[in-house]
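Fold and contact review
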Amino acid sequence: MGVTLAWLRHDLRLADNPLFRFERPPEQLLCVYVLDRDWLSPPPGLGLPRIGPARLRFLWQSLIALRGELLRRGSDLLVRVGDPVEVVAGLAERHGASEVRVRRDAGWDETQQTLRLGEALGEGVRLWQIDGGMLLDEASLPMPLASLPPGFSSFRRRVERDWAVPAACQAPVTLPPWPDGAPRGLPPLARVCDGAARWRPDARGAFSFAGGEEAGLARLEHYLASGAVARYKQTRNGLSGPDFSTRLSPWLAHGCLSARQVHDAVQAWEARHGANESSYWVIFELLWRDYFHWAARQEGAALFGPRRLPPEAAAFLAWREGRTGMPFIDAAMGELAATGWLSNRARQNVASYLVHELGGDWRLGAAWFEHALIDFDTASNWGNWRYIAGVGRSAQMHRFDVLWQAERYDPEGAYVARWQPELAELPGGRARQRPWTVAPERFAPPLAGTSGQGARAGARQGG
Ligand SMILES: Cc1cc2nc3c(=O)[nH]c(=O)nc-3n(C[C@H](O)[C@H](O)[C@H](O)COP(=O)(O)OP(=O)(O)OC[C@H]3O[C@@H](n4cnc5c(N)ncnc54)[C@H](O)[C@@H]3O)c2cc1C
């Protein structure tokens with residue numbers, strides 16, 4: 001077998017990566033990542049690129065780390081910016097590849113690109129698509145993809161009835177050599193996007209994400225070894241601090257870690273310390289991720305609703321810029337913009353506030369998250385937004401009583417005061433969540449959200 005081209009997308013790791021598992025290794029291997037040029041320009045309707053500086057920086061760190069791992073094994077990495085299909089097809093032709101390998105992604109755009117690549121590849125070049133990164137593969141789903149249940153609970157019940165998550169595979173020890181004369185390396189980030197090269201997370205986030213497989217494994221190891229996993233079920237609704245939840249999402253989203261690696265590590269922890277509700281709950285959350293992945297595969301382009309976004313109305317801009325007057329919402333939007341990350345509790349509340357209190361279009365919110373999140377993942381982001389908005393597969397909307405949530409999850413007002421220092425001057429407690437009631441001369445009432453309607457305990461991942 002001659003040259004194989006491994007086209008990497010959201011699978012930037014060596015361990016448990018089927019692209020690097022060979023029954024018969026090829027003579028030469030070309031590993032390629034293409035930053036889609038479209039991600040650097042705004043989608044119609046939103047004045048911001050699809051990938052913001054925080055994610056781009058994490059992505060570049062991950063690519064640099066991956067290159068190091070590949071070099072250690074006798075291979076290398078080529079990173080280009082452009083149209084992924086043109087770049088991959090061009091390289092395959094130039095270097096006489098007989099096979100192109102790619103992970104089957106849930107995203108509609110990625111699926112379309114794979115189809116286009118199939119048409120663009122020369123005759124005799126095999127396009128090999130494979131599942132990876134999730135707990136389950138399509139073949140091990142307990143139902144055909146077309147019959148995926150409309151709700152998570154029935155999906156989980158069917159899966160858990162009789163399931164065995166396949167063990168993660170080890171990283172290869174060596175890899176086939178680089179094709180003669182093939183280009184290698186990656187452009188400096190500052191040349192791709194100066195803003196991303198200069199971006200740094202705000203220290204108030206109390207956590208700094210660094211891209212790459214080794215960093216992801218180190219985070220996983222820390223979360224287990226520190227014992228934080230034993231308390232996950234009680235702490236996961238937290239808002240601040242490094243260990244209230246796993247914070248593995250950026251590594252999972254970029255594929256620096258696979259869900260099976262996390263699953264295996266949690267099982268190994270359970271074998272030593274005993275399983276409890278919390279360790280189970282980490283796997284439960286990963287199953288949500290699988291569910292959104294399979295749902296996105298089933299839904300295709302419908303996941304996004306109409307793709308052309310509506311104009312950004314004043315209420316949306318106030319939400320995006322943290323100017324709604326509702327401290328809990330404005331603090332969270334400030335944290336997201338300054339760190340590229342947000343707890344699940346805060347994500348649910350800000351999404352509900354935009355859609356159900358401000359009457360904003362859920363697609364604008366999802367598009368803003370796509371720009372701002374380090375851990376953006378098409379299926380999880382757009383799926384969760386649809387879930388909160390109550391569109392698509394789950395017709396039930398999920399509306400949160402934001403003031404009640406704020407007082408329950410931030411009773412002292414420490415979180416809102418961290419991200420809105422002017423609130424720190426008010427006494428701790430209720431006043432910081434309702435500053436317009438205690439200092440009306442300084443704080444105007446919020447745009448919406450004081451009616452007390454909406455779920456209190458939070459619809460799904462309650463508490
Ligand atoms: C509006 C909205 C948008 C979201 N967008 C994204 C996104 O783009 N990317 C993303 O990874 N998650 C997204 N989530 C899901 C969830 O908020 C994050 O996965 C979680 O907060 C990440 O923190 P963690 O790694 O500490 O999660 P943990 O609570 O420690 O959970 C462990 C892992 O399980 C998975 N997970 C947990 N909750 C969910 C969920 N509700 N849906 C899917 N997977 C889940 C994640 O991979 C996570 O890393 C979104 C949620 C909402 C409400």
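Everything numeric in this text was worked out from a predicted model, so none of it was measured.

Some thoughts on helix H14 (residues 344-357)
- Spanning 14 residues, H14 covers 19 Å between terminal C-alpha atoms, matching the ideal 20 Å at 1.5 Å per step.
- For H14, the tally of buried residues reaches 13 of 14 residues, placing the bulk of the element in the interior.
- Remark: glycine 359 follows H14 within two positions and exhibits a positive phi of approximately 70 degrees.

Re the packing of aromatic side chains
- Enumeration over the complete set of coordinates arrives at 24 aromatic pairs.
- Among the aromatic residues, those joined into a ring-pair cluster are Phe152, Phe155, Tyr280, Trp281, Phe284, Trp288, Tyr291, Phe292 and Tyr387.
- Its end group placed over the ring of tryptophan 281, lysine 233 keeps NZ or CZ at 4.3 Å from the ring centre.
- Note that arginine 347 overlies the ring of tryptophan 341, its terminal NZ or CZ placed 5.7 Å from the centroid.

Let's talk about the site of the ligand
- By nearness alone, 28 residues border the ligand, and Tyr232, Ser245, Thr246, Arg247 and Asn344 come closest of all.
- Between the ligand and the protein, one listed contact pairs an oxygen atom with a side-chain N or O atom of serine 245 at 2.5 Å.
- Burial of the ligand by the surrounding chains reaches 98%, relative to a free accessible area of 820 Å².
- Put simply, the parts of the chain that give the shell around the ligand at least two residues each are helix H9 (249-253), helix H11 (277-299), H14 and helix H16 (378-389).
- Class assignment for the residues of the shell around the ligand results in 12 nonpolar, nine polar and seven charged.
- Structurally, the shell around the ligand is a two-domain feature, drawing no fewer than three residues from each of domain 2 (133-168 + 212-299) and domain 3 (314-438).

Describing the pattern of salt bridges
- Scanning all chains against the criterion turns up 31 salt bridges.
- Between glutamate 69 and arginine 73 there is a salt bridge, with the nearest N and O atoms lying 2.9 Å from each other.
- The class of glutamate 69 is buried, set by a relative accessible area of 14%.
- For the salt bridge of arginine 323 with glutamate 321, the shortest nitrogen-to-oxygen distance reads 2.8 Å.
- Via salt bridges that share partners, Arg50, Asp109, Arg307 and Glu370 belong to a single interconnected network.

Considering the UniProt feature "domain: Photolyase/cryptochrome alpha/beta" (unreviewed entry) in the chain
- This chain's UniProt record puts "domain: Photolyase/cryptochrome alpha/beta" (unreviewed entry) on residues 2-133.
- Between the first and last C-alpha atoms of residues 2-133 the distance is 27 Å; the span itself is 33% helix and 24% strand.

Regarding the packing of helix H2 (residues 84-94) against helix H3 (residues 108-120)
- Closest axis-to-axis distance for the H2/H3 pair is 9 Å, and the angle between their directions is 35 degrees. Crossing of H2 over H3 shows right-handed handedness. Residue-level contacts link Pro84, Val85, Val88 and Ala89 of H2 to Gln113, Arg116, Leu117 and Ala120 of H3.

Re the domain arrangement of the chain
- In terms of domain boundaries, the chain breaks down into domain 1 (3-130), domain 2 (133-168 + 212-299) and domain 3 (314-438).
- The C-alpha-based centres of domain 1 and domain 3 are spaced at 34 Å.
- Contacts between domain 1 and domain 3 engage 12 residues on the former and 14 residues on the latter.
- Here domain 1 packs against domain 3, burying approximately 1000 Å² in sum over the two surfaces, 64% of which is carbon and sulfur.
- Three residues, Leu46, Leu48 and Arg55, lead the burial of domain 1 against domain 3; their summed loss comes to 50% of the area buried on that side.
- At the boundary of domain 1 and domain 3, one finds one salt bridge.
- We note a salt bridge from arginine 50 to glutamate 370, for which the minimum N-O separation is 2.9 Å.
- Here domain 1 is connected to domain 3 by five residue pairs in polar contact (both at pLDDT 80 or more).
- Considering only residue class, the side of domain 1 that touches domain 3 consists of eight nonpolar, two polar and two charged.

Observations concerning the sheet that holds strand S1 (residues 3-8)
- Spatial strand order, S3-S2-S1-S4-S5: five strands in an open sheet with parallel pairing. Pairing within the sheet leaves two strands with one partner each, and these edge strands are strand S3 (78-82) and strand S5 (126-130). Neighbouring strand axes in the sheet, compared pairwise and without regard to direction, differ in orientation by 25 degrees on average.
- Set on the sheet, H2 makes contact with S1, strand S2 (28-36), S3 and strand S4 (97-103); between it and S2 the angle comes to about 160 degrees.

Rules used throughout
- Residues numbered from 1 in each chain as written.
- Predicted model: local features only at pLDDT ≥ 70, side-chain atom pairs only at ≥ 80, totals over all residues.
- Heavy atoms only, no water.
- Helix = DSSP H or I, 4+ residues; strand = E, 2+ residues; numbered from the N terminus.
- Expected span 1.5 Å × (residues − 1).
- Buried < 20%, exposed > 50% of the residue type's maximum accessible area, 1.4 Å probe, protein only.
- Phe/Tyr/Trp six-rings, centres within 6.5 Å; stacked < 30°, edge-to-face > 60°.
- Lys NZ or Arg CZ within 6 Å of the ring centre and 35° of its normal.
- Near = heavy atom within 4 Å.
- Polar contact = N/O pair within 3.5 Å; in protein donor to acceptor, adjacent residues only side chain to side chain.
- Areas by Shrake-Rupley, 256 points an atom, 1.4 Å probe, with all protein chains shown as cover.
- Nonpolar A, V, L, I, M, F, W, Y, C, P; charged D, E, K, R; others polar.
- Domains from an automatic or database assignment.
- Salt bridge = Lys/Arg side-chain N within 4 Å of Asp/Glu carboxyl O.
- UniProt positions renumbered as here; feature names shortened; annotations may be inferred.
- Axes fitted to C-alpha atoms, helices over the stretch in contact; angles between N-to-C directions.
- Left-handed = near helix turned anticlockwise from the far one by under 90°.
- Contact = heavy atoms within 4.5 Å.
- Buried area = accessible area lost by both parts, 1.4 Å probe.
- Pairing = 2+ DSSP bridges.

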